[in-house]
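Residue strings, one per chain:
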Amino acid sequence: MWPTDASWGLEYCTLILGPGKIRPRDTQALLSATQAMELRRRDYHMERPLLNQEHLEELGRWGSAPRTRQWQTWLQCSRARAYALLLQHLPVLVWLPRYPVRDWLLGDLLSGLSVAIMQLPQGLAYALLAGLPPVFGLYSSFYPVFIYFLFGTSRHISVGTFAVMSVMVGSVTESLAPQALNDSMINETARDAARVQVASTLSVLVGLFQVGLGLIHFGFVVTYLSEPLVRGYTTAAAVQVFVSQLKYVFGLHLSSHSGPLSLIYTVLEVCWKLPQSKVGTVVTAAVAGVVLVVVKLLNDKLQQQLPMPIPGELLTLIGATGISYGMGLKHRFEVDVVGNIPAGLVPPVAPNTQLFSKLVGSAFTIAVVGFAIAISLGKIFALRHAYRVDSNQELVALGLSNLIGGIFQCFPVSCSMSRSLVQESTGGNSQVAGAISSLFILLIIVKLGELFHDLPKAVLAAIIIVNLKGMLRQLSDMRSLWKANRADLLIWLVTFTATILLNLDLGLVVAVIFSLLLVVVRTQMPHYSVLGQVPDTDIYRDVAEYSEAKEVPGVKVFRSSATVYFANAEFYSDALKQRCGVDVDFLISQKKKLLKKQEQLKLKQLQKEEKLQKQAASSKGTSVSINVNTSLEDMRSNNVEDCKMMQVSSGDKMEDATASGQEDSKAPDGSTLKALGLPQPDFHSLILDLGALSFVDTVCLKSLKNIFHDFREIEVEVYMAACHSPVVSQLEAGHFFDASITKKHLFASVHDAVTFALQHPRPVPDSPVSDTRL
């Protein structure tokens, strides 16, 4: 039974729905397939009352949703709350007691050894990339990994040294502890000590930023780094890494460059000094690179047959060290080697707080980039293995890894894509694999590190360059983005170019600002469309895109693909007036001019009548001769005024009609467009499809009110449709609804509004036009 409220009247909206569960008739078995399909298409017809917002709230018993005050739960203090916080910020207490030893331990053990075998050469190489002695890469492969084992929520990412982070650290260390122009005059010990202090202080500051952002639940900040931005940034960082290793590949001594265009200056200097290359260094790097590439190709080809990948980097490291020691590459061919690697761990050192002011900008950039890389990889593995990664706790875990690692003279770290893939593919199931790899690195630091004294730096450079293959292959993104989304391609190109030219820190700032501005620009220029009804449905689509969609006679339906707010409210109004095919502003101005002329003519007529009355009254108290003379003068003046009125009338027929219409104050249509001789719009109702609105601000409210006012001035009634409940609440809070615009002007769907508009082709009489334009 439908509601019988008299206010609902006899207005019904027919919806034609798709096929549903219905008992087929026996006769349908005899019909052809096409006829049966046609019947199934039209099996369901539903009739319901036409619903505006007022009726919908009454029918659905609408009420504002209760507000949840999260901050009240944060301030609660109890034993259960304290225990929950402990488990939240120390996840190892949750999963380690439930660790399935029989099922996971063997896989984690093999995975941890595989990752450690990769971690060793990469730690040595990426320390060189950061401008530090190689042993500090081993420290950065031990402390942060073990800390993340305790606090991290991802089971598969491999935390430690990473090329992008290392090159960002290297740009900071080289700018604050530069290399002198004449390398023979460098005190390498003092320079390395200064750079280690800068890098460790930077790591502490990065950790503080990450922990602080995690504790205030600021993990969503990474959402402002879109995938095209991150991929363009990492590709540019890979180019930076590649260029930074050329001096080790060719055995050159280059000047230190930092700041904007430093990459360009470095490439030019490499080209200038290329004739000074050392043949032994070039050959060493080339042979190591070929061996690494061949081993990687074998791993890819034999991936299904091998229980674990061939440790090409470790084998290259051991072989190159043995050959260098046996052949004396340093003395015979002037090949630079790693040098002394002290055994044992270093004591904790407090950061240099005087450097904080110089490092704060770079620290924040590195903190955001490191977290973006870690959380993106963590979410990929979590989705693949059906578990959840807490972005805020990941910030805390990564921050503590950098904070505590910085105290033990580590440089900032993140997670490595190549090591994470190895950790997953070799059977890793939890961060126990990370703990095992860190213990293996500890063994290297304590006992075996000094064995790599004669390792050539060119081999480490070859390891770095070969590992850049994955990031450099992202250059193919340009082709795919050109076909998929040009706006994302623009973000990728701007990010890549800015990072190449302005360096890593400024490049990221420019990229984020540009991507946010592009979002604003795209909301300022959305797709505006006039909708038509798809035949025999309640669906309305753009008439320019759907050839069968036809406009409903007398009704215009307008839609924007984006929300309306202060940045595009004016564009929305202009597009609406343009798409309607009526010059609304011109009609309103002409109407006002003609009405003003009507008032002036009426005022003159009233003044004339008053003057005649005064003359008639004064003539009664004077002599006949004077009365005659006065009458003659009045007749002359009246004749002159009558002539002037006739000239005005003959000169402008429209104004004459307007004046005569206004003389009768009882005429109800004296101010209509038709009575004024102005063209009327070919539609009587305008429907605004507001389904795309996610919020409204004060500018949007004023713009909508002005639309109501302007179109009512040209005798077009305006309705709204498909507003979401939060938007309706914001309309109420902004005092949008009043005596002239009520909730009866807002409908549940476009079809409801169209149906109502067809039943009321003229403006509703009980909805007076507001004379105030906002």
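Here, the structure is the one placed above.
Predicted, not measured: the structure shown is a model, and the values here were computed from it. (Residues numbered from 1 in each chain as written. Predicted model: local features only at pLDDT ≥ 70, side-chain atom pairs only at ≥ 80, totals over all residues. Heavy atoms only, no water.)

Student: Go over the overall build of the protein with me, naming the residues and quoting the values.
Tutor: Scanning the protein from N- to C-terminus turns up 32 helices and ten strands. The burial tally for the protein puts 46% of its 774 residues in the buried class. The long-range fraction of contacts in the protein, counting pairs at least 24 apart against all pairs at least 6 apart in sequence, stands at 82%. A total of about 40300 Å² of accessible surface is found on the protein, and carbon and sulfur atoms cover 62% of it. (Helix = DSSP H or I, 4+ residues; strand = E, 2+ residues; numbered from the N terminus. Buried < 20%, exposed > 50% of the residue type's maximum accessible area, 1.4 Å probe, protein only. Contact = heavy atoms within 4.5 Å. Areas by Shrake-Rupley, 256 points an atom, 1.4 Å probe, with all protein chains shown as cover.)

Student: Explain empty space enclosed by the protein to me, using residue names and the numbers behind them.
Tutor: In this structure the tally under the stated criterion is four cavities of 30 Å³ or more. In terms of lining, the largest cavity is formed by L225, L229, V230, Y233, T234, V369, A372, I373 and L508. For the lining of the largest cavity, the elements supplying multiple residues, two or more each, are helix 11 (227-244) and helix 17 (356-385). By residue number, the principal contributor to the lining of the largest cavity is helix 11, which donates four residues. (1 Å grid on protein atoms, 1.4 Å probe; cavity = no way out; pocket = protein on both sides within 12 Å on 5 of 7 lines; lining within 4 Å. Points joined across faces, edges and corners; volume = space filled by probe spheres on them.)

Student: Quick rundown of the pattern of salt bridges? Include the residues and the values.
Tutor: All told, the structure shown has 14 salt bridges when counted by the stated rule. With a shortest N-O distance of 3.1 Å, R191 and D192 are connected by a salt bridge. With a closest N to O distance of 3.1 Å, E551 and K556 form a salt bridge. Under the relative-accessibility criterion, K556 is labelled buried at 12%. The network of salt bridges with common partners includes E57, E732 and K743. (Salt bridge = Lys/Arg side-chain N within 4 Å of Asp/Glu carboxyl O.)

Student: How would you sum up the nonpolar core? Please name residues and give values.
Tutor: Counting residues in hydrophobic clusters, the biggest one holds 111 residues, and the most contacted among them are L120, V164, L455 and L460. Per-element tally for this core: the top contributor is helix 17, with 14 residues. Ignoring anything within four residues of it in the chain, the contact list for V164 reads Y233, A237, V369, I373 and M471. Judged by nonpolar contacts, the second largest core, of 40 residues, contains L576, F683, L690 and F711. (Core = buried A, V, L, I, M, F, W, Y, C linked by side-chain atoms within 4.5 Å.)

Student: So what about the pairing of strand 9 (residues 717-721)? Which residues, and what values?
Tutor: Buried residues dominate strand 9, accounting for five of its five residues. Residue alternation in strand 9 divides its side chains into two sets, E717, Y719 and A721 and V718 and M720, and both sets are buried. This β-α-β element, strand 8 (residues 685-689) to helix 30 (residues 698-713) to strand 9, shows right-handed connectivity. Handedness of the β-α-β unit built from strand 9, helix 31 (residues 725-733) and strand 10 (residues 746-747) comes out right-handed. (Right-handed = clockwise from strand over helix to strand, strands pointing away.)

Student: Outline the sheet that holds strand 10, supporting the account with residue identities and numerical values.
Tutor: Strand order in the open sheet made by the six strands is 6-5-7-8-9-10, with mixed pairing throughout. The open sheet terminates on both sides in strands that have one partner only, identified here as strand 6 (540-542) and strand 10. Where strand 5 (residues 528-533) meets strand 7 (residues 555-560), four bridges bridge the pair, whose relative direction is antiparallel. Paired with V530 across the strands is F558, a residue of strand 7. (Pairing = 2+ DSSP bridges.)

Student: Now, about the packing of helix 10 (residues 188-215) against helix 18 (residues 391-407): what can you tell me, with residues and values included?
Tutor: Taken N-terminus to C-terminus, the directions of helix 10 and helix 18 make an angle of 155 degrees; their axes are 7 Å apart at the nearest point. Taken together, the axes of helix 10 and helix 18 lie roughly antiparallel to each other. Every pair of crossing elements has a handedness; the one defined by helix 10 and helix 18 is left-handed. In contact with S200, S203, V204, V206, G207, L208, Q210, V211, L213, G214 and L215 of helix 10, helix 18 contributes N392, L395, V396, L398, G399, L400, N402, L403, G405, G406 and I407. Tallied by class, the residues present in the contact of helix 10 with helix 18 amount to twelve nonpolar, ten polar and no charged. (Axes fitted to C-alpha atoms, helices over the stretch in contact; angles between N-to-C directions. Parallel < 35°, antiparallel > 145°, perpendicular 65-115°, else oblique. Left-handed = near helix turned anticlockwise from the far one by under 90°. Nonpolar A, V, L, I, M, F, W, Y, C, P; charged D, E, K, R; others polar.)

Student: Tell me about unusual backbone geometry, and please be specific about residues and values.
Tutor: With a phi close to 55 degrees, R61 is a non-glycine residue in the positive phi region. Looking at the element boundaries, R61 is found in the loop between helix 2 (53-60) and helix 3 (70-74). On the accessibility criterion, R61 (77% relative accessible area) is exposed. With a phi close to 65 degrees, D536 is a non-glycine residue in the positive phi region. When you line up the elements, D536 lands in the loop between strand 5 and strand 6.

Student: Just give me the short version of a nonpolar patch on the surface, but keep the residues and values in it.
Tutor: On the surface, L261, I264, Y265, L268 and L501 cluster together into a nonpolar patch covering about 420 Å² of accessible area. Looking at which element gives the most residues to the nonpolar patch, the answer is helix 13 (residues 262-273), with three residues. Relative to the assigned elements, L501 resides in helix 24 (residues 486-524). By relative accessible area, which is 33% here, L501 ends up partly exposed. (Patch = residues over 30% accessible without salt bridge, like charges linked within 9 Å, V, L, I, M, F, W, Y side chains within 5 Å.)

Student: I'd like to hear about helix 8 (residues 143-151), residue by residue, with values.
Tutor: The buried count for helix 8 comes to seven of nine residues, which makes it a mostly enclosed element. By the burial criterion, the buried members of helix 8 are Y143, P144, V145, I147, Y148, F149 and F151.

Student: Tell me what's going on with the packing of helix 9 (residues 163-176) against helix 17, and back it up with residues and numbers.
Tutor: Each pair of packed helices can be summarised by the angle the axes make with each other and by the distance between the axes. Put simply, helix 9 and helix 17 touch, their axes get as near as 10 Å, and they point 175 degrees apart. Classified by the interaxial angle, the pair formed by helix 9 and helix 17 is roughly antiparallel. Listed contacts from helix 17 to V164, M165, M168, V169, V172 and L176 of helix 9 are K358, L359, S362, T365, I366, V369, G370 and I373. For the contact of helix 9 with helix 17, the residue count by class is ten nonpolar, three polar and one charged.

Student: Could you give an account of helix 14 (residues 279-301), with specific residues and numbers?
Tutor: For helix 14, built from 23 residues, the straight-helix expectation of 33 Å at 1.5 Å per residue is met to within 8% by its first-to-last C-alpha distance of 33 Å. Of the positions making up helix 14, those classed as buried are G280, T281, T284, A285, A288, G289, L292, V295 and N299. Check the buried side of helix 14 and you find it contacts helix 12 (246-250), helix 15 (312-327), helix 16 (329-333) and helix 21 (457-467). (Expected span 1.5 Å × (residues − 1).)

Student: Let's hear about the side chain of E269: which residues, and what values?
Tutor: Checked against the element boundaries, E269 lands in helix 13. The class of E269 is buried, set by a relative accessible area of 12%. Among residues more than four places away in sequence, those in contact with E269 are H253, L254, S255 and H257.

Just distances and angles here, no functional claims.
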